[in-house]
Amino acid sequence: MILLKDIYKTFNKNTHFQKKLYEGLNLKINKGEFITVIGSNGAGKSTLLKVLSNDLDIDSGKILFGEKETTNQKSFETAKNISYIMQDPSANTLGAMTVYENLSMSELKGKKTVLKKCLIDKNKDKYKMLLSKFNLGLENKLDIDVSLLSGGQRQALAIVMATLKLPQILLLDEHTAALDPITSKEVMKITDNIIKENNLTCLMITHKIQDAIDYGNRLIMIHDGKVLFDISGEKKEKLKLQDIIEKFQIMKTDIVGSEIF
Ligand SMILES: Nc1ncnc2c1ncn2[C@@H]1O[C@H](COP(=O)(O)OP(=O)(O)OP(=O)(O)O)[C@@H](O)[C@H]1O
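Note that residues are indexed from 1 along each chain, following the sequence as it is written. Per-residue local features of the predicted model are confined to residues with pLDDT of at least 70, and side-chain atom pairs are confined, for both listing and counting, to 80 or more; whole-chain, interface and lining totals are unaffected and use all residues.

How would you summarise the overall build of the chain if you had to cite specific residues and measurements?
Only runs of H or I of at least four residues qualify as helices and only runs of E of at least two qualify as strands under DSSP, and these elements are numbered from the N terminus. In terms of regular secondary structure, the chain is built from 10 helices and 10 strands. The atom set for the radius of gyration is the C-alpha atoms, and the globule formula is 2.2 Å times the number of residues raised to the power 0.38. A globule of 261 residues ought to have a C-alpha radius of gyration of about 18 Å, and the chain, at 19 Å, matches this closely. Counting other C-beta atoms within 10 Å of each residue's C-beta, where C-beta atoms are placed from the backbone, gives the exposure class: buried for 20 or more, exposed for 12 or fewer, partly exposed between. Relative to its full complement of 261 residues, the chain shows a buried share of 38%.

Right under this line is the structure:
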């Protein structure tokens, strides 16, 4: 279980640009939950992932990974247990290295060893098998520099890299947003398969509401730094696009209160 407890965060405190974002945010993420995260622009979705990964200091509150408190942990320590995929494909992979080298780098995660030791031929067959699932021809590009790949191929590679060593939590920040509709669908389907096959815990931010409905076993809606809607199990399975659109409309009218949801 991962817990965010009573999180407070204000940006640019005591300045003209002060932005109070979280004022007592609480979120419990159970092991094996695949949570889709939706909400308007500026609601505080990406910041949530940054807080979880210690990429951002909070003002107060607690972050717990199981029994272990990680609140003031350095981000490189937290990175050993999480995988984080961002919207921009070039942010998740190293363009100047080959596909094979990128994958081998991921094998190093959390280990005290050098890249050379991971560049072993027996891994090549494993990588080819994992890459072939995407139907993007990546399995034939192991020795090609990543900078020469398409955005979709880079995101597919990022997912394989992110799950070579299974993380305690997989954080996806609109990871299909920059892809064309067909590639996006393909990448989303394989992401879902990888999550299910490995029973991964995952938080996935998306503005594609249908994806938020179709994938995952829990959906949360964030507005103004608060979790306003939290639905899982059968209730989530019955959720329709129109239900979510109505919730967005209510939010926009500024009469938001948890009782409405
Ligand atoms: N480093 C920062 N400094 C100042 N303000 C910030 C910073 N990071 C985020 N914010 C502000 O906090 C709020 C939430 O930002 P966040 O990126 O979490 O929103 P989001 O829900 O992911 O939005 P979007 O859907 O547009 O990506 C926004 O008002 C944003 O401007």
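Having seen the structure, we can now continue with the description.
Describe in detail the environment of Thr191, supporting the description with residues and values.
Secondary-structure assignment places Thr191 in helix H7 (residues 181–197). By C-beta crowding, Thr191 is classed as buried, having 27 other C-beta atoms within 10 Å.

Residues and numbers for H7, please.
The end-to-end C-alpha distance of H7 is 24 Å, a good match for the 24 Å that 17 residues give at a rise of 1.5 Å each. Residues of H7 that are buried: Thr183, Val187, Met188, Thr191 and Ile195. Along the axis of H7, the buried residues cluster in a sector spanning 130 degrees; they form a single face. Relative to its buried face, H7 has exposed residues pointing more than 90 degrees away, namely Ile182, Asn193 and Glu197. Each residue gets a C-beta atom placed from its backbone, and two residues are in contact if those atoms lie within 7 Å. Elements in contact with the buried residues of H7: strand E3 (34–38), helix H6 (151–164), strand E7 (169–173), strand E8 (202–205) and helix H8 (209–214). Positive backbone phi, approximately 50 degrees, marks Asn199, located one or two places after H7. Here the expected length of a helix is defined as 1.5 Å per residue gap, with one fewer gap than residues. For this quantity, the arc is that covered by the directions from the helix axis to the C-beta atoms.

Tell me about the environment of Thr176, and name the residues and values.
With respect to the helices and strands, Thr176 occurs in the loop between E7 and H7. In sequence terms Thr176 and Leu157 are 19 residues apart; their C-alpha atoms lie 13 Å from each other. Excluding anything up to four places from it in sequence, Thr176 contacts Gln155, Ser184, Val187 and Met188.

Pulling in residues and values, what's your account of the nonpolar core?
Joined through C-beta atoms within 7 Å, a set of buried Ala, Val, Leu, Ile, Met, Phe, Trp, Tyr and Cys residues constitutes a nonpolar core. Residues Leu157, Val160, Leu171, Cys202 and Leu203 are the most contacted members of the largest nonpolar core, which totals 63 residues. Per element, the largest residue contribution to this core is 8 residues, and it comes from H6.

Give me the lowdown on the packing of helix H3 (residues 99–107) against H6, citing residues and values where you can.
The description of two packed helices rests on the angle between their axes and on the distance between the axes. As a packed pair, H3 and H6 sit with axes 8 Å apart at the nearest point and diverge in direction by 25 degrees. When the axis of H3 is compared with that of H6, the two are roughly parallel. Crossing geometry of H3 relative to H6 is assigned as right-handed. For the pair formed by H3 and H6, the contact residues are Val99, Asn102, Leu103, Ser106 and Glu107 on the first element and Leu157, Val160, Met161 and Leu164 on the second. Throughout, the ten residues Ala, Val, Leu, Ile, Met, Phe, Trp, Tyr, Cys and Pro are labelled nonpolar, Asp, Glu, Lys and Arg are labelled charged, and all others, Gly among them, are labelled polar. Residue composition of the contact of H3 with H6, grouped by class: 6 nonpolar, 2 polar and 1 charged. Lines fitted to C-alpha atoms define the axes, with helix axes restricted to the stretch in contact, and inter-axis angles between N-to-C directions lie between 0 and 180 degrees. Any angle that is under 35 degrees is reported as roughly parallel, and any over 145 degrees as roughly antiparallel; angles of 65 to 115 degrees are reported as roughly perpendicular and all others as oblique. By convention, the crossing between two helices is left-handed when the near helix turns anticlockwise from the far helix through less than a right angle, and right-handed when the turn is clockwise.

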